[in-house]
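So you can see what is in the structure, the chains are spelled out below.
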Amino acid sequence: MNSVLFLTLAVCSSLAYGKEFVATVRQNYKENINQLLEQQIQKELAASYIYQAYASYFQRADVSLPGIKKFFSDASSEERDDAQSLIDYINQRGGHVQYDKIDLKDACETVMKFVTSDTSGLEEFRDRRMCICGFVATKTINDNCGERSDWKEGLIAFEDTLAIERYVNAQLLDIHKKADDEKDAHLTHILEHEFLEEQVSSINKIAHAITRLRSFEQGSGNNYKLGRVYLRPTPQISH
């Protein structure tokens, strides 16, 4: 009985201690900022989870777009790297990191809600259904996707990706504003140079891919070609 009580107290004490800041390191670093960064870690990991699911989808034998599969595998790794960078940053500032579960269905639905908000700037995507996400998730997201032949190709996936990247960027911009309000110059600098710059570049890259995919005829084979060259322009051969 006493040993069980001791173990319980030890675990509770450990959990409580884990929530504390590192006083010798922490300076001009507020609790609300720490919470926002913790939430952003979850969002980055959720995006990574979605991209990993999409990568597995495009690897299927009945889809078979290896270049697009590679794109999403790399995108998943980049989001995990961003999450790790935020973890490292919190520890550098003397903060604390706690983790929560990530549910694929919830992650996709959160993006869908963002798209329908007035601040998303994605009016043309208001009917975003995240059908591929619903296909690979263990829980149904919606019943409005129709036949898989209508959404199995790359265009739908990249439209989903644009929504995800803009969602992540919106959250980073919100953190930047809060950090500026708190006069946390170090965090605003890190966000501007290590996160927001990358997000802007990613959004631009995805927008270009969508434009190219929309110019292709469905089933023309160009969808595969775009994936095969991994969204890079075809090199010009000099004569």
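Residues numbered from 1 in each chain as written. Predicted model: local features only at pLDDT ≥ 70, side-chain atom pairs only at ≥ 80, totals over all residues. Heavy atoms only, no water.

## Some points on the overall build of the protein
Put simply, the rule is: Counting from the N terminus, the helices are the DSSP runs of H or I reaching at least four residues and the strands are the DSSP runs of E reaching at least two. Each residue is assigned to one of three classes by its accessible area relative to the maximum for its type, calculated with a 1.4 Å probe on protein chains only: buried under 20%, partly exposed between the two thresholds, exposed over 50%. Two residues qualify as a contact provided that any one of their heavy atoms is within 4.5 Å of a heavy atom in the partner residue.
Counting secondary structure elements, the protein contains 8 helices and 0 strands. Along the chain direction, N to C, the helices and strands of the protein fall in the order α-α-α-α-α-α-α-α. In the protein, which comprises 239 residues, the proportion classed as buried is 43%. Counted over contacts in the protein with a minimum sequence separation of 6, partners at least 24 positions apart contribute 75%.

## Overview of the state of the cysteines
The bond known as a disulfide is covalent and runs between the sulfur atoms of two cysteines. What counts is decided by this rule: Two cysteine sulfurs form what is called a disulfide whenever their separation falls within 2.5 Å.
Tallied over the entire structure, the rule returns 1 disulfide. The side chain of C108 participates in a disulfide bridge whose partner is C133; the two sulfur atoms lie 1.7 Å from each other. On the sign convention where negative is left-handed, the bridge of C108 and C133, at about 70 degrees about the S-S bond, is right-handed. Taken together, the positions of C108 in helix α4 (residues 104-115) and C133 in helix α5 (residues 131-136) put the pair 25 residues apart, joining distant regions of the chain. With a relative accessible area of 0%, C108 lands in the buried category. Given a relative accessible area of 0%, C133 falls into the buried group.

## Side note on the UniProt feature "binding site: Fe cation 1" in the protein
Our working definition: UniProt positions are given in the numbering used here, feature names are shortened, and annotations may be inferred rather than shown by experiment.
As recorded in UniProt, the feature "binding site: Fe cation 1" lies at E44 and E79. Spanning 36 residues, the annotated positions come together in the fold, the maximum distance between their C-alpha atoms being 5.4 Å. Mapped onto the fold, E44 is located in helix α2 (residues 31-58). Relative accessible area serves as the criterion here: at 0%, E44 is assigned to the buried category. By secondary structure assignment, the location of E79 is in helix α3 (residues 66-92). With relative accessibility at 4%, the residue E79 sits in the buried group. Excluding anything up to four places from it in sequence, E79 contacts E44, A47, S48, Y51, E165 and Q199.

## Focus: the UniProt feature "binding site: Fe cation 2" in the protein
Under the UniProt annotation, "binding site: Fe cation 2" lies at E79, E165 and Q199. Annotated residues spanning 121 residues; largest pairwise C-alpha distance 10.6 Å, indicating a single compact cluster. Secondary-structure assignment places Q199 in helix α7 (residues 185-214). With residues up to four places along the chain from it excluded, the contact list for Q199 reads E79, E165, V168, N169 and L172.

## Comments concerning the packing of α2 against α3
Inclusion rule: Whenever a helix is involved, its axis is fitted only over the stretch in contact; in every case the axis is a line through C-alpha atoms, and angles between N-to-C directions fall within 0 to 180 degrees. Oblique is the label for any angle not covered by the other classes, which are roughly parallel (under 35 degrees), roughly antiparallel (over 145) and roughly perpendicular (65 to 115). Handedness of a crossing follows from how the near helix is turned relative to the far one, being left-handed for an anticlockwise turn of less than a right angle and right-handed for a clockwise one. Charged means Asp, Glu, Lys or Arg here, nonpolar means Ala, Val, Leu, Ile, Met, Phe, Trp, Tyr, Cys or Pro, and polar covers whatever is left, Gly included.
Contact pair α2 / α3: the axes reach a minimum separation of 8 Å and the direction vectors enclose 165 degrees. The orientation of α2 with respect to α3, classified from their angle, is roughly antiparallel. In this structure, α2 meets α3 at a crossing whose hand is left-handed. Class assignment for the residues of the contact of α2 with α3 results in 16 nonpolar, 6 polar and 6 charged.

## Structural notes on the nonpolar core
Here is the rule we go by: Buried Ala, Val, Leu, Ile, Met, Phe, Trp, Tyr and Cys residues form a nonpolar core when they are joined through side-chain atoms within 4.5 Å.
Counting residues in hydrophobic clusters, the biggest one holds 64 residues, and the most contacted among them are L37, F58 and F72. Listing elements by their share of this core, those giving two or more residues are α2, α3, α4, α5, α6 (154-181) and α7. No other element matches α2, which puts 13 residues into this core. When near neighbours in sequence (up to four residues on either side) are disregarded, L37 contacts Y29, L86, Y89, I90, I175 and L187.

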